[in-house]
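Structure assessment
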Amino acid sequence: MSVSLNRNLAFLCPISLVFAGGAGVAQAQDSGEAYELPPIEITTASPVAKPKKATSGGTSRSTSTAPSRQAQPASGQRIDETLDIDIPAGVAIVSGADSFVPVTVATEREILANPGQTITDSLQNKPGIAGTTFAPGANRPIIRGLDSYRIRIQENGIGTHDVSAISEDHAVPIDPSNADNIEVVRGPSTLRYGSQAIGGVVSVENQRVPTYLPERGFSAMIKGGGNTVDDGGDGAFSVTGGAESIVLHADGFIRDVNDYDTPLGEELNSFVNSRGGSAGVSHVWANGFIGVSFSRFESFYGIPGEEAEEGFLPRIDLEQDKVLVKGEWRPVSSGIEAVRLWFGASDYAHDELERHVEGGHEHEHEEHEEHEHEEEPAGFEVGSVFTNEEQEARIEIQHTPAISRFGPLSGAIGFHWDHADTAGLSNEGDSLLEPVDAESFAGYWFEELEASDRWRFQTALRVEGASVDGTGYSSIDDPAAPVIFTGKRSFVPVSGGLGALYELGNNTVFRLNGQAVERAPAAAELFSKGAHHASNTFEIGNPFLNEEKAQTLEVGLKRTAGKFRYDANGYYTNYDGFIFRELTGLTCGVDLDSCHAEGEEEEHGEEEEHGHAHSFDQVLFQQRNATFYGVELLGEYDVGSIWRGIWGIDGQYDFVHARFDEGGYVPRMPPHRLGGGVYYRNSNWFARVGMLHAFDQDQVAPNELTTPGYTLLNAELSYVVKTGGPTGLAPTMLIGLRGDNLLDEKVLNSASFKRREGVLEPGANVRLFGSVRF
């Protein structure tokens, strides 16, 4: 582990200067009085927004489930009255008591303290959530064992419009520094968000489209951090300000990390260089807002593994431009309580670069050091180009509460449209994905009944029409002369759900939820037909796939206030026609007719590239019935007062078990995990030491390897202080240290395709992080 922090500290210079300048007026809030953790507003799970109400313990909690922060008046007073209090990073925060589905939240402080390069890194050690960890720059979330086409990732209500679901080496174009918080709905979310959310939703929320005018007309933040494990750092800023009814916003970030260290040495080709930013403007009035933003994301990163060690050094050069329109209107008088609008249009592209370096590992390392920060280093060739042009729109209309014989009814209807032109073209051999045109339109309805002070019920229905027009293989019985399918497949997924909440008293809520949901196959599942260099697979879609259907029953118990807080969930899901990628055991070159069994001589079975053979593992998209079930437990207990603060303990446990009905395990499942820690907090200080143990994963699919367990030891110490300042512009400053994997464990991820190549996760790391908020 590197101990040099000189380069990392450069990212924190602005923070250091503000600390130095404000030292004379800093007024530490060391009153030591224990404070109640503030509630967390949940916005993703349901379109039915609820007003706040007091809990039995006398503290307020948010029952809002609106899709975005509520419209704010120009006066600076937020309609939703969200508390602007930093929540200690690292605490296993229990949130969303009034949601009919389980929700996990990563706060801004938690994201800042995390050393990872993606939004998934802040989530993957929470119960029910893991990551694909294909590369430091490409790590997609896994929820309850489900990933890719079953997990929707969105920013401010609009999808990411990328190609990360097509392959695990493709990045999600959202940087962690852009997130004010990240909400994760664990479980089926197709009712609101469509087919590609059958496993859950990861929603990044921020103020790129301003929804309110800050108090005193201005707010700003500078934040960043540096890591020892990769000698890298990150920095970001955001500014929001305005006058009268016009609010402006701008932000930017930069992320620059080198190859990371493992217990066995440096992981070659694991660097990440990213940068981006946005600008937005909104018109804000007392009953709503309407705004628009433009953002750009660029990333250049390497893919570690066997190909990197052999000298190919695969890398991805990515860029995306996005326009987002967002608005909300709350009529003063009518049968409509709120109208909400989202529109997004994106232009995405990335090049997959590859190169062979002669002379062995030492020479490869020298070449990497020389070219790692060039966007297209000399000698690299473009093997494939992926593009996606996508437009998406959603509108929701929430009606005012209606009185029925059973109690007040609150509900909303919505309409959702999406269109995408996607392609993954190769410069040699068969292309992975010929150009496809995909379009969907859906209508959905949510209704909630407050039957009594204790009972609430929810029902929801969604009907969706989806079509995919493309080219693939309808038969590969004769690889030399495959039968080509060209045309359109159409689907009509129908999904419905029922839920019940019962307040047991003492801030405890019992939840029961049942859903029958359907998912239309994605374009790549239908029409893939070529080699994919970065993931080292030759993927063959199936144009005759049917809708994937799932029936889920879930029970939960949650307590979000008091000394003892917990969230316990159990679920059971039956899949009819579960779509998955099955390894066939065959090896291919860059063309279908090169595929052959291992050991067979094939005249055209290998690609000679700079004198080096290149082969790919053949995978087919298949459908089988499957059953998933699991448990997610999370708890924290404030033991007592000490040193003018509170100390306590926390714990977690989760597992997912997934088998096909005909026998055999579903591929790439996360292991059982058990963890806990000890924490201390007051109004200034936060400290925590915790461990998370992953058990051996021996429930594996054919052609998969078992994965040994590991234990992560993590620790954090941070300090926050609010200073005095001129004209009331008082900055709140945070600085902290966090250690991850302090035992320097050899960590292999059973849910990653890189497991079979033996690619280790980062070793021991210390991160210095900080922020200044005005």
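Residues numbered from 1 in each chain as written. Predicted model: local features only at pLDDT ≥ 70, side-chain atom pairs only at ≥ 80, totals over all residues. Heavy atoms only, no water.

1. Quick look at the overall build of the protein chain
Helix and strand counts for the protein chain come out as 7 helices and 39 strands. Sequence separation of at least 24 residues holds for 70% of the intrachain contacts in the protein chain that already meet a minimum separation of 6. (Helix = DSSP H or I, 4+ residues; strand = E, 2+ residues; numbered from the N terminus. Contact = heavy atoms within 4.5 Å.)

2. Comments concerning the nonpolar core
Core analysis: the biggest nonpolar cluster contains 36 residues, and Y149, I166, Y301, L318, L526 and F527 have the highest contact counts within it. Breaking this core down by element, the ones donating at least two residues are β12 (246-257), β16 (288-302), β17 (315-329), β21 (433-450), β22 (455-475), β23 (483-491) and α7 (523-527). Apart from the residues within four sequence positions on either side, L526 is in contact with V468, R489, F491, P521, G541, N542, P543 and L545. Within the second largest apolar cluster, 30 residues are counted, among which are I153, Y575, A658 and V666. (Core = buried A, V, L, I, M, F, W, Y, C linked by side-chain atoms within 4.5 Å. Buried < 20%, exposed > 50% of the residue type's maximum accessible area, 1.4 Å probe, protein only.)

3. Observations regarding the confidence of the model for the protein chain
Taken over all residues, the pLDDT of the protein chain has a mean of 84, while the share at 70 or more is 82%. Confidence drops under pLDDT 50 across residues 1-36; counting only partners more than four residues distant or on other chains, this segment forms 75 contacts. Below pLDDT 50 for its whole length, residues 52-92 participates in 136 contacts with residues either more than four positions away or in separate chains. (pLDDT = per-residue confidence, 0-100.)

4. Topic: the pairing of strand β33 (residues 616-642)
Direction of pairing for strand β27 (residues 537-540) relative to β33: parallel, over a ladder of 4 bridges. When the sheet's bridge partners are listed, F538 is paired in β33 with Q618. In the sheet, strand β29 (residues 564-588) pairs with β33 via 20 bridges, with the strands oriented antiparallel. From the neighbouring strand, I579 faces β33, where its bridge partner is Q623. Pairing geometry for β33 and strand β34 (residues 645-660), over 16 bridges, is antiparallel. Residue pairing across strands places F628 opposite A658, the latter belonging to β34. (Pairing = 2+ DSSP bridges.)

5. So, the pairing of strand β8 (residues 181-186)
Of all 6 residues in β8, 6 are buried; the element is thus mostly enclosed. Side chains N181, E183 and V185 project from β8 onto one buried face, and the interleaved I182, V184 and R186 project onto a second face that is buried too. Both strand β3 (residues 103-107) and β8 contribute to a ladder of 5 bridges, which runs antiparallel. Looking at the pairing, V103 lines up with V185 of β8.

6. Section: the layout of surface pockets
In this structure, the second largest pocket encloses a volume near 950 Å³. The set of elements that each furnish at least two residues to the lining of the second largest pocket consists of β29 and β33. Of all the elements, β29 adds the most residues to the lining of the second largest pocket, at 10 residues. (1 Å grid on protein atoms, 1.4 Å probe; cavity = no way out; pocket = protein on both sides within 12 Å on 5 of 7 lines; lining within 4 Å. Points joined across faces, edges and corners; volume = space filled by probe spheres on them.)

7. Considerations on unusual backbone geometry
Although it is not a glycine, H161 sits at a positive phi angle of roughly 55°. Relative to the helices and strands, H161 resides in the loop between β7 (158-159) and β8. The class for H161 is buried, based on a relative accessible area of 4%. The phi dihedral of R644 falls on the positive side, at around 60°, and the residue is not glycine. Considering the arrangement of structural elements, one finds R644 in the loop between β33 and β34. Given the relative accessible area of 52%, R644 is considered exposed.

8. Things to note about the state of the cysteines
Tallied over the entire structure, the rule returns 1 disulfide. The disulfide bridge from C588 ends at C595, spanning 2.0 Å between sulfur atoms. Judged by the torsion about the S-S bond (105°), the C588/C595 disulfide is right-handed. This pair shows no difference in class: C588 is buried, exactly as C595 is. (Disulfide = S-S within 2.5 Å.)

9. Thoughts on the environment of E337
Within the fold, E337 resides in strand β18 (residues 336-354). Considered as a pair, E337 and T400 are 63 residues apart in the sequence and their alpha carbons are 4.8 Å apart. Every residue in contact with E337, bar those within four places of it in the chain, is listed here: W329, R330, P331, Q398, H399, T400 and P401.

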